Amino acid sequence: MIDFNKLIPVLSLTIAVLAVFFGPLISIFITEKTLQANSKIASKNLVSPIRQQWINDLRNTIVEITAKSAHYAVTGTEDRKDSEYYRITELEHKIMLLINPNESDHSNLVKLIKEMRIDLYTEGVLSEMNFWEKHQEIIDLSQKILKREWERVKNDI
């Protein structure tokens, strides 16, 4: 028969030894998981506002270029100012720097804006029709891009 009174000190010692070895391992594991969770929260709190500001900046720049281009298109050639055309070109270049050239729809947006600007400066009925077509395509594509980017912010990137 087994004497449980003699076994209790051995079991106690075994449990203490296991606690000494596994306790720190469990603590390290928990600490690592906590640090990962805190890192994600910190990243979200840091990156999300920056991304939101980028979205706002892109949206405002697109609004300005499409509005200025439309205004420029409807004014008569005698009322057009070189400073307005310069501003449109400046906004085009700003958008080129704001977008991600590795994303096809971003690159397509820049291409459409360039084509719209060229049609804007070229006289003729065909150029005017192309301008308005590109103008609408820019608005449609911009809405898709901005919606997707907003979803990224909303869904924690």
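Residues numbered from 1 in each chain as written. Predicted model: local features only at pLDDT ≥ 70, side-chain atom pairs only at ≥ 80, totals over all residues. Heavy atoms only, no water.

**What to know about the packing of helix H2 (residues 82-98) against helix H3 (residues 104-121)**
Worth spelling out the cut-off: A fitted line through C-alpha atoms represents every axis, and for helices the fit uses only the stretch in contact; the resulting angles, taken between N-to-C directions, go from 0 to 180 degrees. Counting from the N terminus, the helices are the DSSP runs of H or I reaching at least four residues and the strands are the DSSP runs of E reaching at least two. An angle below 35 degrees is read as roughly parallel, one above 145 as roughly antiparallel, one from 65 to 115 as roughly perpendicular, and any other as oblique. In what follows, a contact means two residues having at least one pair of non-hydrogen atoms within 4.5 Å. In the scheme used here, Gly and all other residues not listed as nonpolar or charged are polar, with Ala, Val, Leu, Ile, Met, Phe, Trp, Tyr, Cys and Pro taken as nonpolar and Asp, Glu, Lys and Arg as charged.
Following both chains from N to C, one finds H2 and H3 inclined at 170°, their axes separated by 10 Å at the closest point. Overall, the two elements H2 and H3 adopt an arrangement that is roughly antiparallel. Listed contacts from H3 to Asp82, Tyr85, Ile88, Thr89, Glu92, Ile95 and Met96 of H2 are Leu109, Val110, Ile113, Lys114, Arg117, Leu120 and Tyr121. Grouping the constituent residues of the contact of H2 with H3 by class yields 9 nonpolar, 1 polar and 4 charged.

**Brief notes about the pattern of salt bridges**
As a reminder of what qualifies: Any carboxyl oxygen of Asp or Glu that lies within 4 Å of a side-chain nitrogen of Lys or Arg is treated as forming a salt bridge with it. Think of it in three bands: residues with accessible area under 20% of the maximum for their type are buried, residues over 50% are exposed, and the middle band is partly exposed, with areas taken using a 1.4 Å probe on protein chains only.
Scanning the entire structure with this criterion turns up 14 salt bridges. Between arginine 152 and glutamate 103 there is a salt bridge, with its nearest N and O atoms 3.4 Å apart. Residue arginine 152 is located in helix H4 (residues 125-154), and its partner glutamate 103 is located in the loop between H2 and H3; the two are separated by 49 residues in the primary sequence. For arginine 152, a relative accessible area of 28% gives the class partly exposed. The partner of glutamate 115 in a salt bridge is lysine 111, with the nearest N and O atoms 3.5 Å apart. Taken as a pair, glutamate 115 and lysine 111 lie in helix H3 at a separation of 4 residues, close to a single helical turn. Given a relative accessible area of 25%, glutamate 115 falls into the partly exposed group. Overall, lysine 111 belongs to the partly exposed group, its relative accessible area being 47%. A single network of salt bridges, built from pairs that share partners, joins Arg51, Glu103, Asp105, Arg148, Glu149 and Arg152.

**Quick look at H4**
For an α-helix, the turn length of 3.6 residues means that residues three or four places apart are oriented alike. Put simply, the rule reads: To estimate how far a helix should reach, multiply one less than its number of residues by 1.5 Å.
Between its terminal C-alpha atoms H4 stretches 43 Å, which fits the 44 Å expected from 30 residues at 1.5 Å a residue. Those residues of H4 lying buried are Ser127, Phe131, Lys134, His135, Ile138, Leu141, Ser142, Ile145, Leu146, Glu149 and Val153.

**Quick look at the packing of aromatic side chains**
Two aromatic rings are characterised by how far apart their centres lie and by the angle between their planes. Rules: Side-chain rings of Phe, Tyr and Trp (the six-membered ring for Trp) are treated as a pair once their centres are within 6.5 Å; stacked means planes under 30 degrees apart, edge-to-face means over 60, and tilted covers the remaining angles.
This model, assessed by the stated rule, comprises 3 aromatic pairs. Plain terms: the ring middles of tyrosine 72 and tyrosine 85 are 6.0 Å apart, the flat faces sit at 40° to each other, and that makes the pair tilted. In this pair, tyrosine 72 is assigned in helix H1 (residues 4-74) and tyrosine 85 in helix H2, connecting sequence segments 13 residues apart. You'll find tyrosine 72 and tyrosine 85 in the same group, each marked buried. The interplanar angle of 75° and the centroid separation of 4.7 Å between the aromatic rings of phenylalanine 131 and tryptophan 132 together place this pair among those described as edge-to-face.

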